[in-house]
Amino acid sequence: MPTATPPDVDTLDLDTRHASALTRRALAWLVTLLLLVATSAVLMVLFLRAEEVHEADRRRTADTQWLDQTMRFHLRRLEADLGVLALQAQGSRQPPDAAALGGPWWQSPGRVAFHGWIPAATAAGDALPARTHTPDGVDDLVAMLETTRGLQRAAYAGPLPTAEPGQPPWLWLAVPRFEQGLFVGDYVAAVAIDRLLADTLPDWFLQDHRVALADDGAMPSEDTFVAPINLPGAQLRLQVQSLGDQAPLAPRAFFAVALVCLAGMLLALARLWRDTARRQRTEARLQTQLALRNAMERSVPLGLRAWDRDGRLIQVNQAFGRMVGWPPQELLRRAADGSGPLPHWPAEQGDEFECMRQSASDPDAQQVGREWQLQHRDGHRIEVLAHGAPLLLASGEVAGWIGSVLDITERRRTERLAARQQAQLEASGRLVAVGEVASTLAHELNQPLGALSSFATGLLNRLRDQRIGYDEIVPVVERIERMAEKSGRVIQRVNAFARRQEMSPQPMALAPFVSRVASDADLPEGVQLVLDLPPGDGPRVPADAMLLEHALRNLIVNAGQWAPLGTATSGLPAPCVRVELVTDAGQVGLRVSDTGPGVPADQAATVFDAFSSHRPGGMGMGLAICRSIAEAHHGRIELSRSPDLLGAQFTLWLPLTP
Amino acid sequence: MHVVDDDADFREGMVWLLESRGLVAHAWTGGDRFVQALRDGTAATACCVVLLDIRMEPLSGLATFEQLKAMGWPWPVLFLTGHGDVGMAVAAVKNGAWDFLEKPFQNNLLVDKVEAARKAATEWHQNEQERLRLQQALAALSSREREVLREVLQGHYNKNIADHLGITPRTVEFHRANIFDKLQVQSTVELAHRLGRLGLEVSG
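Residues numbered from 1 in each chain as written. Chains lettered and ligands numbered in written order. Predicted model: local features only at pLDDT ≥ 70, side-chain atom pairs only at ≥ 80, totals over all residues. Heavy atoms only, no water.

**Describing the overall build of chain A**
A count of helices and strands for chain A gives 17 helices and 19 strands. Across chain A, contacts joining residues at least 24 apart in sequence account for 61% of those joining residues at least 6 apart. Approximately 38,000 Å² of chain A is accessible, and the part contributed by carbon and sulfur atoms is 57%. (Helix = DSSP H or I, 4+ residues; strand = E, 2+ residues; numbered from the N terminus. Contact = heavy atoms within 4.5 Å. Areas by Shrake-Rupley, 256 points an atom, 1.4 Å probe, with all protein chains shown as cover.)

**Observations regarding the packing of helix H12 (residues 409-465) of chain A against helix H1 (residues 8-20) of chain B**
Packing of H12 of chain A against H1 of chain B brings their axes to within 8 Å, and their N-to-C directions diverge by 20°. Viewed along their axes, H12 of chain A and H1 of chain B adopt a mutual orientation that is roughly parallel. Relative to H1 of chain B, the crossing made by H12 of chain A is left-handed. For the pair formed by H12 of chain A and H1 of chain B, the contact residues are Gln 447, Gly 450, Ala 451, Ser 454, Phe 455, Thr 457, Gly 458, Leu 459, Asn 461, Arg 462 and Asp 465 of chain A on the first element and Asp 9, Phe 10, Glu 12, Gly 13, Met 14, Trp 16, Leu 17, Glu 19 and Ser 20 of chain B on the second. Split into classes, the residues belonging to the contact of H12 of chain A with H1 of chain B amount to seven nonpolar, eight polar and five charged. (Axes fitted to C-alpha atoms, helices over the stretch in contact; angles between N-to-C directions. Parallel < 35°, antiparallel > 145°, perpendicular 65-115°, else oblique. Left-handed = near helix turned anticlockwise from the far one by under 90°. Nonpolar A, V, L, I, M, F, W, Y, C, P; charged D, E, K, R; others polar.)

**Re helix H15 (residues 545-562) of chain A**
Residues and elements named next belong to chain A. Taking 1.5 Å per residue as the helical rise, H15 with its 18 residues ought to reach 26 Å, and the 26 Å between its terminal C-alpha atoms agrees with that figure. Along H15, the residues classified as buried are Leu 548, Glu 549, Ala 551, Leu 552, Leu 555, Ile 556, Asn 558, Ala 559 and Gly 560. The N-terminus of H15 is capped by Asp 544, whose side-chain oxygen sits 3.1 Å from the backbone nitrogen of Met 546. (Expected span 1.5 Å × (residues − 1). Buried < 20%, exposed > 50% of the residue type's maximum accessible area, 1.4 Å probe, protein only. Polar contact = N/O pair within 3.5 Å; in protein donor to acceptor, adjacent residues only side chain to side chain.)

**What to know about the pattern of salt bridges**
Enumeration according to the criterion identifies 38 salt bridges over all chains in this entry. A salt bridge links Arg 416 of chain A to Glu 525 of chain A; the shortest N-O distance between them is 4.0 Å. Taken together, the residues Arg 416 of chain A in helix H12 and Glu 525 of chain A in the loop between helix H14 (510-520) and strand S14 (528-532) connect sequence positions 109 residues apart. The partly exposed category is assigned to Arg 416 of chain A, whose relative accessible area is 28%. Between Arg 194 of chain B and Glu 130 of chain B there is a salt bridge; the shortest N-O distance is 2.7 Å. With Arg 194 of chain B in helix H9 (residues 188-198) and Glu 130 of chain B in helix H5 (residues 107-140), the pair connects residues that are 64 residues apart, well separated along the chain. (Salt bridge = Lys/Arg side-chain N within 4 Å of Asp/Glu carboxyl O.)

**Notes on the interface of chain B and chain A**
At the junction of the two partners, chain B supplies 22 residues and chain A supplies 23 residues. Summing both partners gives a buried area of about 1,900 Å² for chain B against chain A, and 47% of it is carried by carbon and sulfur. For Glu 12 of chain B, the salt bridge goes to Arg 479 of chain A, with nearest N and O atoms at 2.4 Å. Our count for the contact surface shared by chain B and chain A stands at seven residue pairs in polar contact (both at pLDDT 80 or more). Among the elements of the structure, H1 and H5 of chain B are those that each provide at least two residues to the side of chain B that touches chain A. The leading source of residues in the side of chain B that touches chain A is H1 of chain B, at 10 residues. Partitioned by chemical class, the residues of the side of chain B that touches chain A number seven nonpolar, seven polar and eight charged. (Buried area = accessible area lost by both parts, 1.4 Å probe.)

**Brief notes about the sheet that holds strand S5 (residues 209-213) of chain A**
Residues and elements named next belong to chain A. Taken in spatial order, the three strands make up an open sheet running S5-S7-S6, and their pairing is antiparallel. For this open sheet the edge positions go to S5 and strand S6 (224-231), each flanked by a neighbour on one side alone. Across the sheet, the mean angle from the axis of one strand to that of its neighbour is 25°, orientation sign disregarded. Sheet analysis places S6 next to strand S7 (residues 234-242), joined by eight bridges and oriented antiparallel. Its bridge partner lying in S7, Val 226 is registered against Gln 239. (Pairing = 2+ DSSP bridges.)

**Side note on the sheet that holds strand S19 (residues 648-655) of chain A**
Residue and element names in this part refer to chain A. Read across the sheet, five strands follow the order S14-S16-S17-S19-S18 without closing on themselves; strand pairing throughout is mixed. On the outer flanks of this sheet lie S14 and strand S18 (636-641), each paired with one strand and no other. Within the sheet, the average angular offset between the axes of one strand and its neighbour, ignoring direction, is 20°. As judged from the five bridges shared by S14 and strand S16 (residues 576-584), these two strands associate in the parallel manner. Paired with Asp 532 across the strands is Glu 580, a residue of S16. Running over the sheet, H15 touches S16, strand S17 (587-594), S18 and S19 and is turned about 25° from S17. Strands in contact with helix H17 (residues 622-632) are S18 and S19; relative to S18, the strand with the most contacts, it is inclined by about 130°.

**A closer look at a nonpolar patch on the surface**
Residues and elements named next belong to chain A. Taken together, the side chains of Leu 30, Leu 33, Leu 36 and Leu 272 present a nonpolar region at the surface, about 360 Å² in accessible area. Counting residues per element, the nonpolar patch draws most heavily on helix H1 (residues 16-91), at three residues. Tracing the backbone shows Leu 36 in helix H1. Among the residues examined, Leu 36 registers a relative accessible area of 57% and is labelled exposed. (Patch = residues over 30% accessible without salt bridge, like charges linked within 9 Å, V, L, I, M, F, W, Y side chains within 5 Å.)

**Some words on the confidence of the model for chain B**
Reading fine detail from the predicted coordinates is not recommended where pLDDT is low. Mean pLDDT for chain B: 83, with 96% of residues reaching 70 or above. We note a pTM of 0.40 for the whole complex and an ipTM of 0.72 for its interfaces. (pLDDT = per-residue confidence, 0-100.)

**A few points about the packing of helix H6 (residues 143-153) of chain B against H9 of chain B**
Residue and element names in this part refer to chain B. Orientation of H6 relative to H9, taken along the N-to-C sense of each, is 95°, at an axis distance of 10 Å. In this view, H6 runs roughly perpendicular relative to H9, as classed from their interaxial angle. Contacts from Leu 149, Val 152 and Leu 153 of H6 reach H9 at Thr 188, Leu 191, Ala 192 and Leu 195. Residue classes in the contact of H6 with H9 are distributed as six nonpolar, one polar and no charged.

**Notes on unusual backbone geometry**
Residues and elements named next belong to chain A. Not every positive phi belongs to a glycine, and Gln 466 is a case in point at roughly 55°. With respect to the element layout, Gln 466 can be found in the loop between H12 and helix H13 (470-498). Phi angles above zero are rare outside glycine, and Leu 646 is one such case at about 70°. You can see Leu 646 is positioned in the loop between S18 and S19.

**Overview of the packing of aromatic side chains**
All chains considered together, the criterion is met by 14 aromatic pairs over all chains. Seen in terms of ring centroids, Phe 65 of chain B and Phe 79 of chain B are 5.6 Å apart; in terms of plane orientation they differ by 80°. Their pairing is edge-to-face. With a gap of 14 residues between them, Phe 65 of chain B in helix H3 (residues 61-70) and Phe 79 of chain B in strand S4 (residues 77-81) connect regions that are remote in the sequence. The pair Phe 65 of chain B / Phe 79 of chain B is uniform in exposure class, with both members buried. Grouping aromatic residues by their ring pairs yields a cluster made of Trp 66, Trp 204 and Phe 205 of chain A. We note Arg 377 of chain A situated over the ring of Trp 326 of chain A; from NZ or CZ to the ring centre the distance is 4.0 Å. A cation over an aromatic ring shows up here: Arg 462 of chain A above the ring of Trp 16 of chain B, its NZ or CZ 3.7 Å from the ring centre. (Phe/Tyr/Trp six-rings, centres within 6.5 Å; stacked < 30°, edge-to-face > 60°. Lys NZ or Arg CZ within 6 Å of the ring centre and 35° of its normal.)

**Let's talk about the pairing of strand S10 (residues 370-375) of chain A**
All names here are of chain A. Here six bridges tie S10 to strand S11 (residues 381-392), and the two strands are oriented antiparallel to one another. Each residue of the ladder has a partner; that of Arg 370, found in S11, is Ala 386. What sits between S10 and S11 in their antiparallel hairpin is a turn of five residues, with Gly 379 showing a positive phi close to 105°.

This is the structure:
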């Protein structure tokens, strides 16, 4: 499935300082927020705590009041019952039938531990059975009875311990009976405290609370409180203990959840903090790396460019801009506009991106690079060595292409200069060698020829004067013959030396050969080379590659030297040398034409002769050697005038079947 | 004639050629031998032209020429040069050699040149001898005769000369006759011509 969005290969604008500052500020805000939340949590805890205490207090007060009222209600009911019983007891000697009264107090026996009538003027200690009280409690009882009489209303005493050990104390109650304003007696009842509490308090209350008579020494604790119940003449102090945790669960649960969330946030924040620190470290390293890369990129004289997958130029470095004289921004802007080819790329080289991509795909070109030309802003050409490489993502996908160019104009110029100097050196070396050979040869031949000539002239002089006899002539002529032979031997030696190198013809393909030789040939500045060759290998002929190369190069160099001299008159735009392969019946021709002035008709006959150069400084050997080489290959060399270039046209004809 | 060359064929051919034109030639196989023979007095030192090959072993033509100059050799020296030696030959000519001949040469032209050189040298030699003689004669004149000679050469008449020198014209005539006799001339015109040709002046 093709990815819809191409990978982003635009230049990374990494402003890490800004980014990290942003992160730090965000983190500071986050920490502040978190502190706020933590403070709120603590305040919440405190508030909840206070609220709970307040709630407990409120409930305790309510419980106390409720207890008080409940007890009072029940005891008032008992007071009313006792008032009825007192009326009955006053009237008869029999103890009143309490059960007949009905009501809660009397439904089950034992609720009221003791009740009885104490008529006026009876001592309390006497009237009450001994088991019901301890001697110490008599005073309280008496005080109770007196209070009833004095205040004409019910009074309480206790709780007082009974005489029987192990029994709970009793609460005493006395209700006076007045008859026409006169006190007649008290009806006294006692209720065991535990029964009182058990019977009067409802079950729902007792499920949650344990109620007991308060100890004086008992310390009030968290879940225990003392509820005082004020009765006339006595104070009942009840200790109420809450059973079970009755604190409200929901707020605590909510709070716990909030705490968990908070803790989670803290943890996340800590991780975020660590992550941010790590990211900042990475960013710093990335920034260093980026600075390093930038410095490296700036320091190299290599021109670097990057394209995306579609061939859009997305990056140009400064070195490239300096190389071609265009600011990188300008090139990028033009590339973005898409307005035709970029100004630094000569159009005849084809599409720049395609060239680069081909060279990047070709392993050979990746190794040694490709040579191209770039156009500087001021118009001159720059020769560059270019390398290309695909921009591969980790997934192996090609995200774009990188191309580097190295300016080799100077190197090429130096190489050309060196090659030219070398050629000149070799030429002058050859010249010196030829001069030396010629000088030696001249001396070697001069001696015998000069002597021979002297003898001949001397003989002739004598013959003319008729001063010589036949006997004298013979030895002189013999001597002349010997010297002629001696001269002949010198010539034979020279010939033997010249023929020492035999030629070795091998079948060879002409088109690549001509292409290579023509490209290597050293043409003067400004002379253009035009190749017109058949595709592929072209015709094959048996030839000595070295000799044929020498001949062809001689022709091309010769044409290159003449080419610039003719364009002024011929009206052609630029001096050029054309090299082509022509075929005729049974022969193939290497044809070199130029835009020069051509060979004048009077020189056409001698142009191939040795030592007949018409060029200043020429030795006049080049074309002679060409002809010798052509003849050595059983071919010939032909001179004519180029019909279109108007200059000289040399054709080296080679037979296809020797 | 002296022909100095280390190549036997060439040397002998040259002698054969010169002799065919009636010149007497001696052949020498090397410069050292020739110089040695001159020193020993075994070689003819009369008016003769020397043909020197410029390229010889062990003593080259130029070195031989230097030695000849050192010996005060008065006669013309011609160099024979091969290809490439022309520069050396030109330098030798500037240094006092008579001429040079480049091989290969037209043989009879060479002989012509040699003869011309010989003739010129002979003339020069004769001039030298005459000049020497005239110089000696001039030196033998008395001071009064020299005074008279100067006046005569300036074209004055005897009468004027007598006035200038404060002597009688007859005395002047006497001196004039003596001068002509000593210098072996017949007339004032011949005397002036000979002095002018030899580049001599009357000193003192």
